[in-house]
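Inside the fold
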Amino acid sequence: MVRGATGAAGKVLSKEGYTEKLERALNEPSRGDVVKFSDDGRMPGVPQLAAALDALVEGLQACEEVAERLRFVDWANGAMFAVYPGDAARYIKHVDNTLATDGRRLTAVLYLNRDWKPADGGCLRIFEPTMQSFQVKRDVEPLWNRLVVNWSTQEVPHEVLSSYKDRVAISMWFICGRESLRNREAFQRLFSPEKLRCIGSRDRRRCLEKTAETEAERKLLSQMQLSQAFSAAELASLGPHFRWRNEEEVEQAHESEQDRAIKAAIHRTLQGGSRPEEAFAGMVGQPKGLDEGPRSGLPAPTLPCHFEVVEDPPFAEANMLLNGIRMPTTFGLVD
Ligand SMILES: O=C(O)CCC(=O)C(=O)O
Ligand SMILES: [Fe+2]
């Protein structure tokens, strides 16, 4: 799969039979890291990290500004260990949960790079929303013990800039049950302890019932077997009950004028023989700030509007968000 080839361009190219070219053009440079998932959460240090992050999320769930968006966030995956080899490995601009269909609501990334220098590159570059934006909001260096927490959705397009030293990070995603209910694969993950855990030792059955939007859904969820693998027949009958929609259906519903224009322009270039500058002429505004880099001259926005990096020490803010549990990290929040 082409990682990072999201949005209109990726979709139209794969549909038009350009998958191979797209793979060649995008796959290698799109994501140069090597990843290992610890879905069962038993890799060294993962249970402790999970406990600390669960406490952080529970703290956030008590914050008025974000409580509603985190209301059905009762699940998380194990952990993803990623190493970006220092040969300029990077991950192109993307959104983790592009269409808000796979359930991911919050992304937490912990960096494990001691003695990181600016010349080592590898910053996490965060853009202003949305994927069409070229405005850099912030570059975050992947410093030892720094934790970044951001929305997994369109608000936070991001990329990992080329890394010139091996760069290590652990990511954990916090999952919204209500959103997961509407997608076949995400739905199944809610039932599988190998794929997702319930945060803060919450009870899986209770969490499932809580995700229900209607009484009929709640009833079904309260009767279904936990940790089961669903048969094809079961999946066929569950689909209509839970109104599963695949990515394509959701994408069509969300497709903007601009997406359609981009698709048409790509089509004109690839099939109609137009030169790209002709095909795209006058279609979208010139991207701003392409070569500007981070807007270092501007004052940093404050929480909860945008992004804040809390330096350690002191830990005052961290303690507040963690409901009194001390987590000795430097962390940032993206709103
Ligand atoms: O390692 C990072 O800074 C972010 C990685 C990332 O964007 C991802 O794995 O989706
Ligand atoms: Fe990402």
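Cut-offs used in this document
- Residues numbered from 1 in each chain as written.
- Chains lettered and ligands numbered in written order.
- Predicted model: local features only at pLDDT ≥ 70, side-chain atom pairs only at ≥ 80, totals over all residues.
- Helix = DSSP H or I, 4+ residues; strand = E, 2+ residues; numbered from the N terminus.
- Buried ≥ 20, exposed ≤ 12 C-beta atoms within 10 Å, placed from the backbone.
- Contact = placed C-beta atoms within 7 Å.
- UniProt positions renumbered as here; feature names shortened; annotations may be inferred.
- Near = placed C-beta within 6 Å.
- Nonpolar A, V, L, I, M, F, W, Y, C, P; charged D, E, K, R; others polar.
- Core = buried A, V, L, I, M, F, W, Y, C linked by C-beta atoms within 7 Å.
- Pairing = 2+ DSSP bridges.
- Axes fitted to C-alpha atoms, helices over the stretch in contact; angles between N-to-C directions.
- pLDDT = per-residue confidence, 0-100.

On a plain count of helices and strands, the protein comes out with 13 helices and 13 strands. By the burial criterion, 30% of the 335 residues in the protein qualify as buried. Taking the contacts inside the protein whose residues are at least 6 apart along the sequence as the reference set, 79% of them involve residues at least 24 apart.

UniProt records the feature "domain: Fe2OG dioxygenase" (unreviewed entry) for residues 75-176 in the present numbering. Helix makes up 0% of residues 75-176 and strand 52%, whereas the separation of the span's terminal C-alpha atoms amounts to 7 Å.

Below, the discussion takes up the site of ligand 1. Surrounding ligand 1, one finds Ala-82, Tyr-91, Asp-96, Val-109, Leu-124, Pro-142, His-158, Val-160, Ala-169 and Ser-171. Within the shell around ligand 1, the residues separate by chemical class into 7 nonpolar, 2 polar and 1 charged.

Counting residues in hydrophobic clusters, the biggest one holds 47 residues, and the most contacted among them are Val-57, Ala-76, Ala-108, Leu-110, Met-172, Phe-174 and Ile-175. The element contributing the most residues to this core is strand β10 (residues 167-176), with 7 residues.

With that settled, consider the sheet that holds strand β9 (residues 158-163). Within a beta sheet, neighbouring strands are joined by backbone hydrogen bonds and run either parallel or antiparallel to one another. Across the sheet, 4 strands lie side by side as β4-β9-β6-β7; this open sheet has antiparallel pairing. In this open sheet, the two strands that pair with only one neighbour each are β4 (89-94) and β7 (136-140). Ignoring strand direction, the axes of neighbouring strands in this sheet form an average angle of 20 degrees. Summarising the sheet, strand β6 (residues 124-127) and β7 pair through 4 bridges and their orientation is antiparallel. Looking at the pairing, Ile-126 lines up with Arg-138 of β7.

What follows is about unusual backbone geometry. Keep in mind that most residues, glycine aside, have a negative phi and that most peptide bonds are trans. Across the junction of Pro-129 and Thr-130, the peptide omega takes the value 5 degrees, indicating a cis bond. A positive phi angle, near 55 degrees, is found at Asp-115, a position not held by glycine. Taking the C-beta count within 10 Å as the criterion, Asp-115 has 8 such neighbours and is therefore assigned exposed. A positive phi is found at Asn-145, a non-glycine position, where the angle reads about 70 degrees.

Attention shifts here to the pairing of strand β3 (residues 80-84). Both strand β1 (residues 34-37) and β3 contribute to a ladder of 4 bridges, which runs antiparallel. Note that in β3 the partner of Phe-37 across the bridge is Met-80.

All right, on to the confidence of the model for the protein then. Put simply, the protein has an average pLDDT of 79, and 74% of its residues get 70 or more. When mean pLDDT is taken per element in the protein, β10 scores highest with 97 and helix α13 (residues 316-321) scores lowest with 40. Every residue in residues 1-9 scores below 50 in pLDDT, and together they form 28 contacts with partners more than four places removed in sequence or on other chains. Here the prediction assigns the complex a pTM of 0.74, and the interface score ipTM is 0.99.

Along the polypeptide, Asp-54 turns up in helix α3 (residues 46-61). Taking the number of C-beta atoms within 10 Å as the measure of exposure, Asp-54 has 20 and is therefore buried. A sequence separation of 146 residues divides Asp-54 from Gly-200, and the C-alpha atoms of the two residues are 5.6 Å apart.

Of all the 6 residues making up strand β8 (residues 146-151), 6 are buried; the element is thus mostly covered by neighbouring parts of the structure. Judged from the 5 bridges that link them, strand β5 (residues 104-111) and β8 form a sheet pairing that is antiparallel. Bridge pairing links Thr-107 to Asn-150 in β8.

With that settled, the discussion passes to the environment of Gly-272. Position of Gly-272 relative to the elements: it lies in the loop between α11 (257-270) and α12 (276-279). A tally of 11 C-beta atoms within 10 Å means that Gly-272 is categorised as exposed. In the structure, Gly-272 is positioned 105 residues away from Arg-167 in sequence and 43 Å away in space, judged by C-alpha atoms.

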